[in-house]
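# A structural walkthrough
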Amino acid sequence: MPGLFLTFEGPDGAGKSTQAGKLAVALAEHHPLVVREPGGTDLGERIRDLLLHRPQGMSAVAEMYLFMAARAELLETRIKPALAAGRVVIDDRYHDSTVAYQGGGRGVAVDWPPHFPKPDLTILLALPPQDGIGRLERAGKSLDRLDAEPLEFHRGAAATYDRLVKEEPERFLRLDATAEPERIHQQVMERVRKLL
Ligand code: TYD
């Protein structure tokens with residue numbers, strides 16, 4: 001597909017949204033489409049609400065399919081048309097999150113569906129799982145249903161991210177999320193410039 005598909009991954013509290021925002025500003029002349037998952041469509045936002053704020057939870061497999069259903073809607077209605085038009089797309093979380101959290105965190109078998117394009121670049125902001133939750137708490141952010149899962153869940157996700165980087169080293173840029181935000185942004189830009 002033409003266009004440039006860039007995704008951010010990592011634990012909550014790693015600064016993905018900050019970095020996605022900085023990248024969007026730096027690429028403003030390209031008029032990037034900036035989205036975050038789950039969400040980004042009317043259907044997706046309703047699914048997001050079910051996923052993050054339903055106190056009684058749901059089965060692990062249903063959870064996986066809900067994340068993927070929200071993603072499918074976002075892909076079909078916004079991301080694929082933007083890429084087909086040659087645009088830059090910045091997605092704050094994508095299918096690697098499902099592989100990491102529902103796969104590595106919950107132990108569900110997660111495939112990569114053929115309808116989901118692979119990103120051109122995935123920036124992983126790596127942070128020890130306990131530090132991510134600590135950062136959220138210090139920032140006074142309320143924890144959603146997944147943030148509030150036990151540390152083992154977050155450890156499973158972090159280990160899966162590391163495995164994915166090893167499996168597809170050319171797709172991933174793994175950066176230390178504890179570095180200065182401006183330094184991280186420079187490293188992101190160095191790599192993105194080569195792809196533009
Ligand atoms: P996110 O929007 O990044 O959290 P916040 O806005 O609170 O920083 O993601 C919401 C939560 O959903 C986060 O805990 C990670 C989780 N998640 C999954 O478990 N699977 C997925 O496929 C995605 C996209 C997110």
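Residues numbered from 1 in each chain as written. Predicted model: local features only at pLDDT ≥ 70, side-chain atom pairs only at ≥ 80, totals over all residues. Heavy atoms only, no water.

It is worth spelling out the pairing of strand E1 (residues 4–9) at this point. Where a strand is regular, its side chains alternate between the two sheet faces. By the criterion of burial, E1 is predominantly enclosed, with six of the six residues buried. Where burial is concerned, the two faces of E1 agree: the one with Leu-4, Leu-6 and Phe-8 and the one with Phe-5, Thr-7 and Glu-9 are both buried. When E1 meets strand E4 (residues 121–126), the two strands line up parallel, connected through four bridges. Note on E4: the bridge partner recorded for Glu-9 is Leu-124. (Buried < 20%, exposed > 50% of the residue type's maximum accessible area, 1.4 Å probe, protein only. Helix = DSSP H or I, 4+ residues; strand = E, 2+ residues; numbered from the N terminus. Pairing = 2+ DSSP bridges.)

On to the sheet that holds E4. Pairing within the open sheet is parallel, and its five strands lie in the order E2-E3-E1-E4-E5. Of all strands in the sheet, those bounded by a partner on one side alone are strand E2 (33–36) and strand E5 (172–176). Strand-to-strand twist across the sheet, computed as the mean angle between neighbouring axes with direction ignored, equals 15 degrees. Across the face of the sheet, helix H3 (residues 60–84) comes into contact with E1, E2 and strand E3 (88–92) while running at roughly 155 degrees to E2. (Axes fitted to C-alpha atoms, helices over the stretch in contact; angles between N-to-C directions. Contact = heavy atoms within 4.5 Å.)

Let us look at the pattern of salt bridges. A complete count under the given rule lists 15 salt bridges for this structure. With its nearest N and O atoms 2.9 Å apart, the salt bridge here joins Arg-106 to Glu-63. Of this pair, Arg-106 sits in the loop between helix H4 (95–105) and E4 while Glu-63 sits in helix H3, and the two are 43 residues apart along the sequence. Ionic pairing is found between Lys-118 and Glu-168, a salt bridge with its closest N-O pair at 3.2 Å. Of this pair, Lys-118 sits in the loop between H4 and E4 while Glu-168 sits in the loop between helix H6 (151–167) and E5, and the two are 50 residues apart along the sequence. (Salt bridge = Lys/Arg side-chain N within 4 Å of Asp/Glu carboxyl O.)

Time to look at the side chain of Lys-16. Position of Lys-16 relative to the elements: it lies in helix H1 (residues 16–26). Of the side chains bearing the opposite charge, Asp-12 lies closest to the buried Lys-16, which forms no salt bridge; the N-O distance is 4.0 Å. If we skip the residues at most four places from it in the chain, Lys-16 touches Phe-8, Glu-9, Gly-10, Pro-11, Asp-92, Arg-93 and Leu-125. (Lys, Arg positive; Asp, Glu negative; His and termini not counted.)

It is worth spelling out the environment of Leu-23 at this point. Topologically, Leu-23 is positioned in helix H1. Along the primary structure Leu-23 and Gln-130 are separated by 107 residues, whereas in three dimensions their C-alpha atoms are 26 Å apart. Residues contacting Leu-23, with those up to four places away along its chain left out, are Leu-6, Phe-8, Ile-90, His-185, Val-188, Met-189 and Val-192.

Now for H1. Those residues of H1 that fall on the buried side of the exposure criterion are Lys-16, Gln-19, Ala-20, Leu-23 and Ala-24. Viewed end-on, H1 has its buried residues packed into an arc of 140 degrees, placing them on one side of the element. The exposed set on the far side of H1, more than 90 degrees from its buried face, consists of Ser-17 and Val-25. The secondary structure elements touched by the buried residues of H1 are E1, E2, E3, E4 and helix H7 (181–195). (Arc of directions from axis to C-beta.)

In this section: the site of the ligand. The ligand sits among 15 residues. The nearest are Asp-12, Arg-48, Arg-93, Thr-98 and Gln-102. Asp-12 has a polar side-chain atom sitting 2.7 Å from an oxygen atom of the ligand. Contact distances for the ligand include 3.3 Å between an oxygen atom and a side-chain N or O atom of Asp-147. Burial of the ligand by the protein chains amounts to 87% of its free accessible area of 550 Å². Among the secondary structure elements, those contributing two or more residues to the shell around the ligand are helix H2 (42–53), H3 and H4. For the shell around the ligand, the element with the highest residue contribution is H4, accounting for four residues. Each residue belonging to the shell around the ligand can be placed in one class, and the counts come to five nonpolar, three polar and seven charged. (Near = heavy atom within 4 Å. Polar contact = N/O pair within 3.5 Å; in protein donor to acceptor, adjacent residues only side chain to side chain. Areas by Shrake-Rupley, 256 points an atom, 1.4 Å probe, with all protein chains shown as cover. Nonpolar A, V, L, I, M, F, W, Y, C, P; charged D, E, K, R; others polar.)

So yeah, pure geometry; function would need other evidence.
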